[in-house]
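# Reading the structure
Each chain is listed here by its residues.
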Amino acid sequence: MKYAPRYIVYSAVKNYLKTEQVACFNFDLQHTRIHQNHQFLAIVEKYFDVELLRERPYIYQDVGLYYYLKYDAKKDLVKKGDRVAICMNNSWSSVVSIYAVTLAGAVFV
């Protein structure tokens, strides 16, 4: 993976925020010691409604990010190095599923 999941989430969330909100978001990120995902996610949820990623995505990867933030990032159901079986036809949904699995650090088979 080229970028860390936190950077990908930060970049996507930043697209939806206004300039003032981005400044406050950056301030909180810089002045908070973030050791675990739940601390980072708490800051994201403070400034951003995650449902916007699903309802009005800028790019199709935003839908995958929605599912990552909503389910995988909080519960750690899929951990780095896990294998996830995806049994689907070649479609847009399969691309989003594969993207969400790789974003979580797992391997799809």
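Here, every reference points to the structure presented above.
Residues numbered from 1 in each chain as written. Predicted model: local features only at pLDDT ≥ 70, side-chain atom pairs only at ≥ 80, totals over all residues. Heavy atoms only, no water.

## What about the pattern of salt bridges?
Where we set the bar: For salt bridges, the criterion is a side-chain nitrogen of Lys or Arg within 4 Å of an Asp or Glu carboxyl oxygen. Secondary structure counts use DSSP, requiring at least four H or I residues in a row for a helix and at least two E residues in a row for a strand, with both numbered from the N terminus.
Tallied over the full model, the rule gives 2 salt bridges. Residue Asp28 is joined to Lys46 by a salt bridge in which the shortest nitrogen-to-oxygen separation is 2.9 Å. On the criterion of sequence distance, the pair formed by Asp28 in helix α2 (residues 19-30) and Lys46 in helix α3 (residues 37-47) is long-range, its members being 18 residues apart.

## Describing the layout of surface pockets
The condition is simple: Definitions used for this entry: grid spacing 1 Å over protein atoms alone; cavity, a set of points where a 1.4 Å probe fits but cannot get out; pocket, an open set with protein on both sides within 12 Å along at least 5 of 7 lines; lining residue, one with an atom within 4 Å of a point. Grid points are joined across faces, edges and corners, and a volume is the space filled by probe spheres set on the points. We call Asp, Glu, Lys and Arg charged. Ala, Val, Leu, Ile, Met, Phe, Trp, Tyr, Cys and Pro are nonpolar, and the rest, Gly among them, are polar.
The computed volume of the second largest pocket comes to approximately 230 Å³. The wall of the second largest pocket is formed by 13 residues, among which Ser93, Val96, Ser97, Ala100 and Val101 lie closest to the centre. Elements supplying a minimum of two residues to the lining of the second largest pocket: α5 (61-75) and α6 (92-103). When residues in the lining of the second largest pocket are grouped by element, the largest group, 6 residues, is from α6. Residue composition of the lining of the second largest pocket, grouped by class: 10 nonpolar, 2 polar and 1 charged.

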